[in-house]
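Each chain is listed here by its residues.
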Amino acid sequence: MIGIFDSGVGGLSVLAAIRRRMPNADIVYFGDTENAPYGNKSAREIASLLSMALRRLAAAGATDIVSACNSASVSVHTVPIDLLRVGTFNVVEMVGPTVAVLAPRGKRIALLGTAATVRSNIYQDAFAARRAEVSAIPVPELAGLIEGGAPREKLLPVVRAAAEEAVSRGAEIVSLSCTHFPFAKDLFEECLREAGSAAEVFDPAEAVAEEASARFSSGGKGGLNFLVSKDSPVFAAHVERLFGGEPYTISPAGSIYWALKTP
């Protein structure tokens, strides 16, 4: 079974891309809606929350994992999964597939992410290892606004400021490297055009889905189950919009925040 986790609604964009490629795979998705977003948390908090998310998915029967949270990618890379005391998984995360697609293209890349993602330098280091440069721009407010279901008029000034910064850095590609951000992809495209830029807006979900479909079994009965650490009408609305044409369940997984107090 494939397990997918994110701090909330963002990873649903990745799940949708995986579902298109692997319609028969059994999938369980854990959204840590109680603690979303992760982007402004410390590395220690994120690592603790990652550990508990993996435990939830393991208990649900997942053996293959998609880490659909860019802010958690640094923990996926630096903390051996077996040391998180949750067993051993096959893991696909966001950074590797994104860099593999964009680095060879030889274009100026502006990467938009959370404060935690940008601060970790994980993308900058990965691009540098492939002799490519990236300009990383933190957009700390956006994930929380999207998670909370903020309307267009609340999102627009944040998106416009990020787009204008990307343009000022000469971006030819703008990578939406927080899985929440693709929910505002149309706004990014609009704001870039307003700023006179023809930059491509890149959603990493397809690259991650391609990696997952190459590495994980696509067999199963097409089961689709969602676990949430806190009831969220916004989460439920996104699930219904994206997956309402097929059977699914949304179940409470219980609070996981106590993990942050673990020594």
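A quick note: this is a predicted structure, and the numbers were derived from the prediction, not measured.

Explain helix 2 (residues 43-59) to me, and be specific about the residues and the numbers.
Between its first and last C-alpha atoms helix 2 spans 24 Å; for 17 residues at 1.5 Å apiece the expected length is 24 Å, and the two agree. Among the residues making up helix 2, those that are buried are Ile46, Ala47, Ser48, Leu49, Leu50, Ser51, Met52, Ala53, Leu54 and Leu57. Immediately downstream of helix 2, the backbone of Gly61 shows phi near 100 degrees, a positive value.

Please provide a residue-by-residue account of the packing of aromatic side chains, values included.
What the rule picks out here adds up to 6 aromatic pairs. Centroid distance Tyr29 to Phe226: 5.8 Å. Interplanar angle 55 degrees. Geometry classified as tilted. Note that Tyr29 is positioned in strand 2 (residues 27-31) and Phe226 in strand 9 (residues 224-228), a separation of 197 residues in sequence. There is no split in this pair, since Tyr29 and Phe226 are both buried. Plain terms: the ring middles of Phe226 and Phe235 are 6.0 Å apart, the flat faces sit at 80 degrees to each other, and that makes the pair edge-to-face. In this structure, Phe226 and Phe235 share a single accessibility class: buried. Within the aromatic cluster, the residues linked to one another by ring pairs are Tyr29, Phe226, Phe235, Phe243 and Tyr248.

Would you mind going over the sheet that holds strand 10 (residues 249-252) in detail, with residue names and values included?
With parallel pairing, the 6 strands of this open sheet are ordered in space as 4-3-1-2-9-10. Since the sheet does not close on itself, it has two edges, and those belong to strand 4 (90-92) and strand 10, each with one partner. The mean angle between the axes of side-by-side strands here comes to 20 degrees, regardless of whether they run parallel or antiparallel. Pairing of strand 1 (residues 2-6) with strand 3 (residues 64-67), which is carried by 4 bridges, proceeds in the parallel orientation. By the bridge assignment, Ile2 is partnered in strand 3 with Asp64. Contacting strand 1, strand 2, strand 3 and strand 9, helix 2 crosses the sheet at an angle of about 150 degrees to strand 1. Contacts from helix 10 (residues 205-215) reach strand 3 and strand 4, with the element oriented near 160 degrees to strand 4.

How each quantity is defined
Per chain, residue numbering runs from 1 following the sequence as it is written. At least 70 in pLDDT is required for a residue's local features to be given in this predicted model, at least 80 for side-chain atom pairs to be given and counted, and no such filter applies to totals for whole chains, interfaces and linings, which use all residues. Side-chain calculation: all heavy atoms of the structure are included, whereas hydrogens and water are not. Secondary structure elements follow DSSP: runs of H or I of four or more residues count as helices, runs of E of two or more count as strands, with numbering from the N terminus. Here, expected helix span is obtained from the residue count minus one, scaled by 1.5 Å. Only protein chains enter the area calculation, which uses a 1.4 Å probe; residues under 20% of their type maximum are buried, those over 50% are exposed, and those in between are partly exposed. Pairing of aromatic rings covers Phe, Tyr and Trp, the last counted by its six-membered ring, and requires centre-to-centre distances within 6.5 Å; plane angles under 30 degrees mean stacked, over 60 mean edge-to-face, and any other angle means tilted. In this scheme, strands are said to pair when DSSP sees at least two bridges between them. Axes here mean lines fitted to C-alpha atoms, for a helix over just the part in contact, with angles spanning 0 to 180 degrees between N-to-C directions. Here a residue-residue contact requires only that any non-hydrogen atoms of the pair lie within 4.5 Å.

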